[in-house]
Amino acid sequence: MTFKIAQQRLAFLLPHMTGGGAERVALRLIQDFVAQGHPVDLLLMTEWGELLPLLPPSVRVIDLHAPRIRDAIRPLIRYLRTEQPEGLQAFMWPLTVAAAVAHRFARSKARLVLSEHITLSKQYSHFNYVRRTLLRNSIRFAYPLASSRVAVSVQAADDLAAVGGLDRSSITVIYNPVDRPSDAGLNPESLKAARTAWGDAETRIITVGKLKAQKNQALLIEAFALLRRTRPARLVILGEGELRGELEALVAARSLGGDVVLPGFFTDPWPFYDGAQIFALSSHYEGYPLVLVEAMRAGLSIVSTDCPSGPHEILDGGTFGRLVPCDDAAALALALAQMLDQPADPAVMRTRAEALSGQDASDQYLALMLK
């Protein structure tokens, strides 16, 4: 690889640019930094993902050709020595550890920001003793080498400190930045798909997220089946993933084929939000669920499991939505019915979203990468 020297350049390091929460945060930060005149490099272990076409044209995408985490270290060292960026932000363990190692070997003067977007103890709860020890020791060794450590919620920060044996005061909490596009910026394909998905349904509930065990969309389907006993409604599950077949089978088993729609993944979810009344989150765990804030920006009422971490902070303990226990379909169904009967004020929800995740969030990240 060959690189051209650039001054005051900022860099981001991720595995790829699929439609996950961390990747979407990185995209928003990159867009904001470019808009402020900063040259930006995006370093990916593998150059692929649905969000790549949304990057500003000026962004340099650098494929590290690293099938494994350790394979990213050598090209990253070379990049840091050649480019000498002002700041590098790495997302998600264990890529964060590789970034810290490369940064140290390169003797780089770049400000290194390590960013975690999930509750690590939940994400890796399946680890055996050896792997848990590796998780803890790698964080304890690598994270103090960084200029800054960021978690996306207070609970996630507490968890990171506990898992890695870090000083809690060394971790900065920055809520994820979220903007809704102007109506002119809405994707025509998404607009058409949203109209088809909602059809003529009068009661409209939506969830957005990858179809995987963490998101527990099966719980939401079970709760929706209970709700449908008392009133007509439609549920749109927006996203794609390995559990599509299982979820479709559950929908069929509950005889909900006409009421539950799985349109797939869309880079622009806003037309689907605009057609909904309630956003439901049924996750086992999160870090800081970006989709909740997006739904609030769309003025939707919110029902969420009180999972670690994020929903409790975002909804202020239930002030801005209803929180229910995890894995309780009856409680989730009841909360959905109550919210349909007493919806939130859309203006209040939009104001809350701006307070949590407006421009200030991007400015905080930029300050960490430049100071």
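Computed from a prediction, not measured in an experiment: that's the story for all the values here. (Residues numbered from 1 in each chain as written. Predicted model: local features only at pLDDT ≥ 70, side-chain atom pairs only at ≥ 80, totals over all residues. Heavy atoms only, no water.)

Enquirer: So what exactly am I meant to see when it comes to the confidence of the model for the protein chain here?
Expert: It should be kept in mind that the predicted coordinates are not to be read in detail where pLDDT is low. For the protein chain, the average pLDDT comes to 94, and 97% of its residues sit at 70 or higher. When the criterion is pLDDT under 50, residues 1-7 qualifies, and its contacts beyond four places in sequence or with other chains add up to 15 contacts. (pLDDT = per-residue confidence, 0-100. Contact = heavy atoms within 4.5 Å.)

Enquirer: Help me understand the sheet that holds strand S4 (residues 87-91) in this model?
Expert: Backbone hydrogen bonds are what pair the strands of a sheet, in a parallel or an antiparallel way. The strand order across the open sheet built from seven strands is S3-S2-S1-S4-S5-S6-S7, with neighbouring strands paired in parallel fashion. Of all strands in the sheet, those bounded by a partner on one side alone are strand S3 (60-63) and strand S7 (171-173). The sheet shows a mean angle of 25 degrees between the axes of neighbouring strands, direction not considered. Sheet analysis places strand S5 (residues 111-116) next to strand S6 (residues 148-151), joined by four bridges and oriented parallel. Across the sheet, the residue bridging to Val 113 is Ser 148, located in S6. Relative to S7, helix H6 (residues 154-164) is tilted by about 165 degrees, and along the sheet it contacts S5, S6 and S7. (Pairing = 2+ DSSP bridges. Helix = DSSP H or I, 4+ residues; strand = E, 2+ residues; numbered from the N terminus. Axes fitted to C-alpha atoms, helices over the stretch in contact; angles between N-to-C directions.)

Enquirer: Just checking my understanding: could you explain the environment of Ala 72 for this structure?
Expert: In this fold, Ala 72 is placed in the loop between S3 and helix H2 (73-83). Looking at Ala 72, the relative accessible area reads 1%, which means it is buried. When the C-alpha positions of Ala 72 and Leu 95 are compared, they lie 8.4 Å apart, and in sequence the two are 23 residues distant. Once residues within four sequence positions are removed from consideration, Ala 72 is found in contact with Met 45, Leu 64, Ala 66 and Leu 95. (Buried < 20%, exposed > 50% of the residue type's maximum accessible area, 1.4 Å probe, protein only.)

Enquirer: What am I meant to see in the packing of helix H1 (residues 21-35) against helix H11 (residues 290-297) here?
Expert: Axes are the key here: two packed helices are described by the angle between their axes and the distance separating the axes. In contact at an axis separation of 10 Å, H1 and H11 are set at 60 degrees when each is read in the N-to-C sense. The orientation of H1 with respect to H11, classified from their angle, is oblique. Between H1 and H11, the residues in contact are Gly 21, Arg 24 and Val 25 and Leu 290, Val 291 and Glu 294, respectively. In the contact of H1 with H11, the residues fall into three nonpolar, one polar and two charged. (Parallel < 35°, antiparallel > 145°, perpendicular 65-115°, else oblique. Nonpolar A, V, L, I, M, F, W, Y, C, P; charged D, E, K, R; others polar.)

Enquirer: Even after reading the chapter, I still don't get the side chain of Arg 28, so can you show me in this structure?
Expert: Locating Arg 28 in the fold gives a position in helix H1. For Arg 28, the side chain forms a polar contact with the side chain of Asp 32, separated by 2.6 Å. (Polar contact = N/O pair within 3.5 Å; in protein donor to acceptor, adjacent residues only side chain to side chain.)

Enquirer: Help me understand the pairing of strand S1 (residues 10-14), please; the structure alone is not making it clear to me.
Expert: Two faces make up the sheet, and in a regular strand the side chains alternate between them. The element S1 is largely enclosed, with a buried count of five among its five residues. Of the two faces of S1, the one lined by Leu 10, Phe 12 and Leu 14 and the one lined by Ala 11 and Leu 13 are each fully buried. Across five bridges, the pairing between S1 and strand S2 (residues 40-44) is parallel. Following the sheet pairing, Leu 10 is matched in S2 by Val 40. This β-α-β element, S1 to H1 to S2, shows right-handed connectivity. Two elements, S1 and S4, share four bridges in a ladder whose sense is parallel. Opposite Leu 10, over in S4, you have Gly 87 as the bridge partner. (Right-handed = clockwise from strand over helix to strand, strands pointing away.)

Enquirer: I tried to follow the packing of aromatic side chains on my own but got confused; where do I start?
Expert: Geometry of an aromatic ring pair is reported as the spacing of the ring centres plus the angle between the planes. Considering all chains together, one arrives at nine aromatic pairs under this definition. Here Tyr 273 and Phe 279 contribute two aromatic rings whose centre-to-centre distance is 6.1 Å and whose plane-to-plane angle is 50 degrees, an arrangement assigned as tilted. Judged by its relative accessible area of 0%, Phe 279 falls in the buried class. Through a chain of ring-to-ring contacts, three or more aromatic side chains come together here, namely Phe 12, Phe 33 and Phe 91. (Phe/Tyr/Trp six-rings, centres within 6.5 Å; stacked < 30°, edge-to-face > 60°.)

Enquirer: Help me understand the nonpolar core in this model?
Expert: Side chains of nonpolar character tend, in soluble globular proteins, to be buried together. Core analysis: the largest hydrophobic core is formed by 61 residues, its most contacted members being Phe 12, Ile 206, Tyr 273 and Phe 279. Sort the elements by how many residues they give to this core and H1 lands first, with seven residues. Sequence-distant contacts of Phe 12, defined by excluding residues within four places in its chain, comprise Leu 29, Ile 30, Phe 33, Val 40, Asp 41, Leu 42, Leu 43, Leu 88, Gln 89, Phe 91 and Met 369. Residues Leu 43, Ala 72, Leu 112 and Ala 151 belong to the second largest nonpolar core, which totals 42 residues. (Core = buried A, V, L, I, M, F, W, Y, C linked by side-chain atoms within 4.5 Å.)

Enquirer: Any chance you could explain the environment of Ser 147 here in plain terms?
Expert: Within the element layout of this structure, Ser 147 appears in the loop between helix H5 (129-142) and S6. Residues Ser 147 and Gln 123, spaced 24 residues apart in sequence, show a C-alpha to C-alpha distance of 25 Å. Aside from chain neighbours lying at most four places away, what touches Ser 147 is Ala 110, Arg 111 and Leu 112.

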